Amino acid sequence: MQLEEVLECFILTGGTDYLLKVMVSGLNAYEDFIRKRLHLIGGIGSIDTSFVYSVVKQSNVYPSA
């Protein structure tokens, strides 16, 4: 809630506990965010990173029921 780089945070089922959508200016800024901000939060056992390199479909409109 307090990290401005985090746009969205989801609690997940399965082997991963949380999914964060993070926005930073580049790879160096991302490394700084991980090392200087996220790692300081207690209870984080591991961090797995994936990057979006292309969008197949993106919509903010929910289908009607």
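To start, this report covers the structure provided alongside it. (Residues numbered from 1 in each chain as written. Predicted model: local features only at pLDDT ≥ 70, side-chain atom pairs only at ≥ 80, totals over all residues. Heavy atoms only, no water.)

### With respect to the pairing of strand S1 (residues 6-11)
Move 1: Two strands pair when backbone bridges link them, and S1 and strand S2 (residues 18-22) are joined in this way by 5 bridges, in the antiparallel orientation. Considered in S2, the bridge of Val-6 is made with Val-22.
Move 2: Linkage of S1 to S2, two consecutive antiparallel strands, is achieved through a turn of 6 residues, within which Gly-14 is found at a positive phi near 90 degrees. (Pairing = 2+ DSSP bridges. Helix = DSSP H or I, 4+ residues; strand = E, 2+ residues; numbered from the N terminus.)

### Observations concerning the layout of surface pockets
Move 1: Looking at the largest pocket, its volume works out to about 1600 Å³.
Move 2: Surrounding the largest pocket, 41 residues form its lining, Tyr-18, Leu-19, Leu-20, Lys-21 and Val-22 being those nearest its centre.
Move 3: Elements with a minimum of two residues in the lining of the largest pocket: S1, S2 and helix H1 (27-38).
Move 4: Looking at side-chain class alone, the lining of the largest pocket contains 23 nonpolar, 14 polar and 4 charged residues. (1 Å grid on protein atoms, 1.4 Å probe; cavity = no way out; pocket = protein on both sides within 12 Å on 5 of 7 lines; lining within 4 Å. Points joined across faces, edges and corners; volume = space filled by probe spheres on them. Nonpolar A, V, L, I, M, F, W, Y, C, P; charged D, E, K, R; others polar.)

### Section: the packing of aromatic side chains
Move 1: One pass over the structure, following the stated rule, counts 1 aromatic pair.
Move 2: Between Tyr-30 and Phe-51, the ring centres sit 5.4 Å apart and the planes meet at 70 degrees, which makes this aromatic pair edge-to-face. Of this pair, Tyr-30 sits in helix H1 while Phe-51 sits in the segment after H1, placing them 21 residues apart in sequence. (Phe/Tyr/Trp six-rings, centres within 6.5 Å; stacked < 30°, edge-to-face > 60°.)

### Concerning H1
Move 1: Of all the residues in H1, the buried ones are Tyr-30, Phe-33, Ile-34 and Leu-38. The buried residues of H1 occupy an angular sector of 90 degrees when projected down its axis, which confines them to one face. Away from its buried face, by an angle of more than 90 degrees, H1 presents the exposed residues Asn-28, Arg-35 and Lys-36.
Move 2: On its buried side, H1 packs onto S1 and S2. (Buried < 20%, exposed > 50% of the residue type's maximum accessible area, 1.4 Å probe, protein only. Arc of directions from axis to C-beta. Contact = heavy atoms within 4.5 Å.)

### A few points about a nonpolar patch on the surface
Move 1: A cluster of nonpolar side chains, namely Phe-10, Leu-12 and Leu-19, defines an oily patch on the protein surface of about 250 Å² accessible area.
Move 2: Note that Leu-12 resides in the loop between S1 and S2.
Move 3: With a relative accessible area of 34%, Leu-12 lands in the partly exposed category. (Patch = residues over 30% accessible without salt bridge, like charges linked within 9 Å, V, L, I, M, F, W, Y side chains within 5 Å. Areas by Shrake-Rupley, 256 points an atom, 1.4 Å probe, with all protein chains shown as cover. Salt bridge = Lys/Arg side-chain N within 4 Å of Asp/Glu carboxyl O.)

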